[in-house]
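# Descriptive analysis of the structure
Spelled out from the first residue to the last, the chains are:
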Amino acid sequence: MKDEYECCSFVPIGTLKGRKGGGAAVQIGQRADDSSTRTTMVDELDHLALTWDAAMLAVAGEAMAESQGALFDERFLERHAGEIIRDPEVAIVELVANAWDAWATRVDIHWAERGNEQVFSITDNGKGMSKAQFERRWRTLDYNKLTEEGATSTPPEELKSFGSRRSYGRNGKGRHAAFRFGDPYIVRTWCEGQEVTYEVRRGVNVPFDLKLVSESGDVLGHGTEISAPSGTGVNMTAQQVREVIGTRFLADPNFQVIVDGTKVSFEDVPAGKIRELEVEVAGFGLAGLVVIDTQKADRTTRQHGIAWWVDNRLVGRPGWAGFELDGRTNEAKRFQFIVRADFLAEASATLPDWSGFDPRNPAWLATREAVFAKIREFLNGFTAERRGEIKAAVRESLSGAAARLAPASRDRWNEFVDAVVDTCPSISADEVEQVAAILAKLELADSKYGLIQQLHVMKPGDFDELHSLLTSWTVRTAKIALDEVQSRLKLIEELDQKLRDESLAEVGDLQPLFERSLWVFGPEFESLEFTSNRGMSEVIRTIFGKDVPGSKQRPDFAMLPDGSAGFYSRDSHDLGHDVAGVSRLVIAEIKKVDVILGSKEKEQPWRYVKELIKKGLITEASTVTCYVLGSRVDPTETGERTEWNDRVRIIPMTYNVFIRRAEKRMLGLRDKLRDAPFLKDLGLDAEAYLEPAKGTQTTLDLVPAVKPPKVL
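## Overview of the environment of Ala 271
Within the secondary structure, Ala 271 sits in the loop between β11 (262-263) and β12 (274-281). In sequence terms Ala 271 and Ile 292 are 21 residues apart; their C-alpha atoms lie 9.7 Å from each other.

Right, dumping it as structure tokens:
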């Protein structure tokens, strides 16, 4: 019964997830008289239910696939795993990498070369897998290792003094590598006293089938073995295997790989792929530097980079951290540098847990600088030919732009191309071309290198913000928007300064500013259709007489004895799109600083409106809003006044409120732009400019201050 129901086909992700008891290490067939491993009947029934569910779901899944036509082509696995199950070199690297991820310290490989009749197997002493873990990882086609297990692997309990390893695998495809050595293949894995053995073979209409062969208890240790008893071998020798592994898995001295009884060492790396250099660290000692070249770039930088050994122990994790090499380049995925610096132990440079070096230790700082310089020198020599090709390609691609430059500019441009390519060996040809093209354009621009100076003083975070800005905006549209923002902020500043001035005698100078700041009163006044109505201004001037001072000089608004009044209208149109009168009228009356806004001041705009009605300049189809602005408002007259069946609104407003409203309409940009260059260019004190506006006051304050309510 056990063999019959535990031969299960591939089950999609989620099928076995969430069932009670699904993760328990329950063994059917354990002897009832074994008290140390005795399980309850409930556990056995739960395990049986899990097994039954798996079998039935697999059968149902195949039946559904056949009924709905969702079948897997026999080539699916090759396309899914690619070179992993086609190339023996890639396959063995993936299997060794799985052992690395399992925190193995020893991997034994029996290599099956075609014709030697040896069975392929790879055995490691890593953490192994429970039955539930194996089922989960093998049955999930696109297994997300990062989500399920994390980016690092922690050591087993007996090695807890060692740090975690950065995992090699990401998507679980590496497990399919065993198909390169045989179909079916056998997986035996053990941990926590339990051992399970599975047979994995290619499936029919499904990628593969799993069959539980055996399980047992009272097993010591942990590890995993993969073997291919029916394999026919591959056209690759054991020595070639040691070479492949040696170029990738020698960074950690605590990770040993043995192939057919011979340990993989530096001697296995071909002479053309390894170099040994010495690095003199003045005042501290001599460090050894081993350079391993895989001679073809791997898919990732894992098992590449710089590995630091002290007293034959790995410090930290191998990688390119701290070194100026882009991880996307071929060099980053091709080279491995192993540094042996035992004198750092005597200098107490390592951290207590060996996870890295003391960043303040003089010996470490000197060694890192010397080693990095040697590695940089090596990479520069290695990439010399490629850099020459990049320079030539860039010059050819931008020959047209370079030809337009003056001789002196062209010389500077050529020197720049050479310097960038030589100083930044990891930069790509496309990136050099982009930077060189920018330089050529700067040479031709009127501002020359002014932009470079501005970029030079920017902080790294500012570059990110600039990139984000240019991703969403073109320079031209951004400038249009920023010009409008700058114009409005300057307008607010100018109004703010003049409204603060208690000595201001002629408020007529403010009217042109208010004409440009109608947007402060609300979004409905953003329209450019609002313009000064000189005809209305002329009518109002007749109320006070033709000889009002200043009226002839400023015909677009009316000068009044105690201030000025501006009239801004928007036309209405008939069905033929001809002008048919005034649709909306805004009256902005600005009072001098010594005028307190009261009922009289609110009455005055209504007089204007009545005069305009009599003259036929506005009709019942018109809407009028009157703003009376001053430094102070009588507390009894703060409310809004309406006339003419609510078609006329008269609103008193202090300068302080007007400025605050302007700031809010600009979304608080005044506070956010304290360091705006245009403020400094105007010679303004940003702190003083950004202080909240305060209402001015006459010499004799007749209006008592309003006390704030008490907080209960």
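## Brief notes about the packing of helix α16 (residues 475-500) against helix α20 (residues 655-665)
In contact at an axis separation of 11 Å, α16 and α20 are set at 165 degrees when each is read in the N-to-C sense. When the interaxial angle is binned, α16 and α20 end up roughly antiparallel. Judged by the twist between their axes, the crossing of α16 over α20 is left-handed. Facing Ile 492, Leu 495, Asp 496 and Leu 499 of α16, the residues of α20 in contact are Tyr 655, Phe 658, Ile 659, Ala 662 and Glu 663. Taken together, the residues that form the contact of α16 with α20 break down as 7 nonpolar, no polar and 2 charged.

## Examining the packing of helix α4 (residues 88-101) against helix α7 (residues 238-246)
Where α4 contacts α7, the two axes come as close as 10 Å, and the packing angle between them is 55 degrees. The pairing of α4 with α7 is recorded here as oblique in orientation. The two elements α4 and α7 meet at a crossing, and its hand is right-handed. Contacts between α4 and α7 involve Glu 89, Ile 92, Val 93 and Val 96 on the former and, on the latter, Val 241, Val 244 and Ile 245.

## Describing the packing of aromatic side chains
Using the criterion set out here, one finds 22 aromatic pairs in the structure. Ring geometry for Trp 320 and Phe 337: centres 6.0 Å apart, planes at 75 degrees, overall edge-to-face. One end of the pair, Trp 320, is in the loop between β15 (313-319) and β16 (335-340); the other, Phe 337, is in strand β16, with 17 residues separating them in the sequence. Of the two residues, Trp 320 and Phe 337, both sit in the buried class. The interplanar angle of 75 degrees and the centroid separation of 5.2 Å between the aromatic rings of Phe 323 and Phe 372 together place this pair among those described as edge-to-face. Note that Phe 323 is positioned in the loop between β15 and β16 and Phe 372 in helix α9 (residues 362-382), a separation of 49 residues in sequence. Phe 372 gets classed as buried once you look at its relative accessible area, which sits at 10%. Through successive ring pairs, a cluster of aromatic residues spans Trp 320, Phe 323, Phe 335, Phe 337, Phe 372 and Phe 378. Geometry around Phe 162 places Arg 313 over its ring, the cationic atom sitting 4.3 Å from the centre. One cation-aromatic arrangement involves Arg 488 over Trp 519; the distance from NZ or CZ to the ring centre is 4.5 Å.

Reading guide: rules and limits
- Residues numbered from 1 in each chain as written.
- Predicted model: local features only at pLDDT ≥ 70, side-chain atom pairs only at ≥ 80, totals over all residues.
- Heavy atoms only, no water.
- Helix = DSSP H or I, 4+ residues; strand = E, 2+ residues; numbered from the N terminus.
- Axes fitted to C-alpha atoms, helices over the stretch in contact; angles between N-to-C directions.
- Parallel < 35°, antiparallel > 145°, perpendicular 65-115°, else oblique.
- Left-handed = near helix turned anticlockwise from the far one by under 90°.
- Contact = heavy atoms within 4.5 Å.
- Nonpolar A, V, L, I, M, F, W, Y, C, P; charged D, E, K, R; others polar.
- Phe/Tyr/Trp six-rings, centres within 6.5 Å; stacked < 30°, edge-to-face > 60°.
- Buried < 20%, exposed > 50% of the residue type's maximum accessible area, 1.4 Å probe, protein only.
- Lys NZ or Arg CZ within 6 Å of the ring centre and 35° of its normal.

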